[in-house]
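Given next are the chains, with one letter for each unit.
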Amino acid sequence: MIFNQYQIAMDIETVRATLMKENKVSFITGSSSATAIFQYLSMFPEKVKSVICINPLLFDLQKNLSFKKFEIDDPLFYKNTSPESLFKFGYYAYFIEKNINAEEKNNFYHQSLFTFNSYSYLFFNKQITNERSRSLALKVRFFEHTYNLQENKTMPEEGKNSLYSWMYIESRPLWLSHSQIPFSVVGVFYDKGEIYSGKILIIGSAQNWLIHPKSFEALAEFYPTSTLFMVNDGHAMLAVKEGSLLQNFVFAYLLDDQKMKISSFTALRKEGLIFQNQYSSDKIPER
């Protein structure tokens, strides 16, 4: 079970118990690492004081609630783009949906991807790619993500070019093993959120192309003490991170400083980054 999220949660508890004895721990997590933290929270809720979670990449919620995955209805978009590039495009992309027709929207996608592909520093060089491809821990993480995306828990379709095919390709050895001798995968016990009494701040991006934004609302419903804050940004939070806007907001929450909270909220609103009417489904784009 080494490297999977259940084992990571057990390892976190070993470290916490050794260093902090009976004291509770607080977490700041986001994206892929959120899986491990919510796994830990479902197993040791009494050991957690608070959680700040930024854009958790919880594909199980998206799939189980039938939220649409990121898709572009244009084959040309995928023609000369590798699965890795598509994944990274979805990670960094930031676009507020507007009332434009399909042709204009596809033109935007093409132009955005062309510009994105010119940013060579965002991509792994050959040496690092080879090292990552040999990483067992990375393969396990990608397997868990893709496992949560599968409807029938069978091996993904060969050659399918989509935002998630990079994860399928990278975790292929585990999928082959699973197809030959199926093994169980321990998921997050979200229903245990009701017994957690600590605070949870969930910061989600309304223009997220990796996971449907309404997944954050679903996550917040599992934890009665949670606060959901939605911003107009993409998964990488590039706009909110500018000028330490995100850092100041997180510090205000950690310190429970009302003056600092008002200041950071005002700064985000001034930049147009606060997503309005977050519980209105027509405000979150369906993909």
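Structure: above.
This text gives an overview of the structure that appears in the document. (Residues numbered from 1 in each chain as written. Predicted model: local features only at pLDDT ≥ 70, side-chain atom pairs only at ≥ 80, totals over all residues. Heavy atoms only, no water.)

Turning our eyes to something else, we now look at the packing of helix 13 (residues 245–255) against helix 14 (residues 258–270). The interhelical angle for the contact between helix 13 and helix 14, taken along N-to-C directions, is 155 degrees, at an axis separation of 8 Å. Taken together, the axes of helix 13 and helix 14 lie roughly antiparallel to each other. Handedness of the crossing formed by helix 13 with helix 14: left-handed. Residues Leu 245, Asn 248, Phe 249, Phe 251, Ala 252, Tyr 253 and Leu 255 of helix 13 pack against Met 260, Lys 261, Ser 264, Ala 267 and Leu 268 of helix 14. (Axes fitted to C-alpha atoms, helices over the stretch in contact; angles between N-to-C directions. Helix = DSSP H or I, 4+ residues; strand = E, 2+ residues; numbered from the N terminus. Parallel < 35°, antiparallel > 145°, perpendicular 65-115°, else oblique. Left-handed = near helix turned anticlockwise from the far one by under 90°. Contact = heavy atoms within 4.5 Å.)

This part takes up the packing of aromatic side chains. Counting across every chain of the model gives 11 aromatic pairs. Ring centres of Phe 38 and Tyr 223 lie 5.6 Å apart, and the angle between their planes is 45 degrees; on these two criteria the pair is classed as tilted. On the criterion of sequence distance, the pair formed by Phe 38 in helix 2 (residues 34–43) and Tyr 223 in the loop between helix 11 (214–222) and strand 4 (226–231) is long-range, its members being 185 residues apart. Plain terms: the ring middles of Phe 143 and Tyr 147 are 5.7 Å apart, the flat faces sit at 40 degrees to each other, and that makes the pair tilted. With a gap of 4 residues between them, Phe 143 and Tyr 147 both fall in helix 8 (residues 136–149), about one helical turn apart. An aromatic cluster is built from Phe 143, Tyr 147, Trp 175 and Phe 183, whose rings are joined through pairwise contacts. (Phe/Tyr/Trp six-rings, centres within 6.5 Å; stacked < 30°, edge-to-face > 60°.)

One non-glycine residue, Asn 55, adopts positive backbone phi at about 50 degrees. If you trace the backbone, Asn 55 turns up in strand 2 (residues 48–56). Taking the relative accessible area as the measure of exposure, Asn 55 reaches 1% and is therefore buried. Notably, Asp 256 is not glycine yet its phi reads approximately 50 degrees, a positive angle. The partly exposed category is assigned to Asp 256, whose relative accessible area is 44%. (Buried < 20%, exposed > 50% of the residue type's maximum accessible area, 1.4 Å probe, protein only.)

Right, let's talk about the sheet that holds strand 2 for a bit. Strand pairing in a sheet is mediated by backbone hydrogen bonds. Such pairs are either parallel or antiparallel. If you trace the 4 strands from one edge of the open sheet to the other, you get 1-2-3-4, paired in parallel fashion. Of all strands in the sheet, those with a lone pairing partner are strand 1 (25–31) and strand 4, marking the two edges. Averaged over all neighbouring strand pairs, the angle between strand axes comes to 10 degrees, with direction disregarded. Bridge count for strand 3 (residues 199–205) against strand 4 is 6 bridges, and the pairing is parallel. By the bridge assignment, Gly 204 is partnered in strand 4 with Met 230. (Pairing = 2+ DSSP bridges.)

Quick look at the packing of helix 1 (residues 5–20) against helix 2 now. A pair of packed helices is characterised by two quantities: the angle between their axes and the separation of those axes. At a closest axis distance of 8 Å, the pairing of helix 1 and helix 2 adopts a crossing angle of 65 degrees. Classified by the interaxial angle, the pair formed by helix 1 and helix 2 is roughly perpendicular. In terms of crossing hand, the pair formed by helix 1 and helix 2 is right-handed. Across the interface between the two elements, Gln 5, Tyr 6, Ile 8, Ala 9, Met 10, Ile 12, Glu 13 and Arg 16 of helix 1 pack against Thr 35, Ala 36, Ile 37, Gln 39, Tyr 40 and Met 43 of helix 2.

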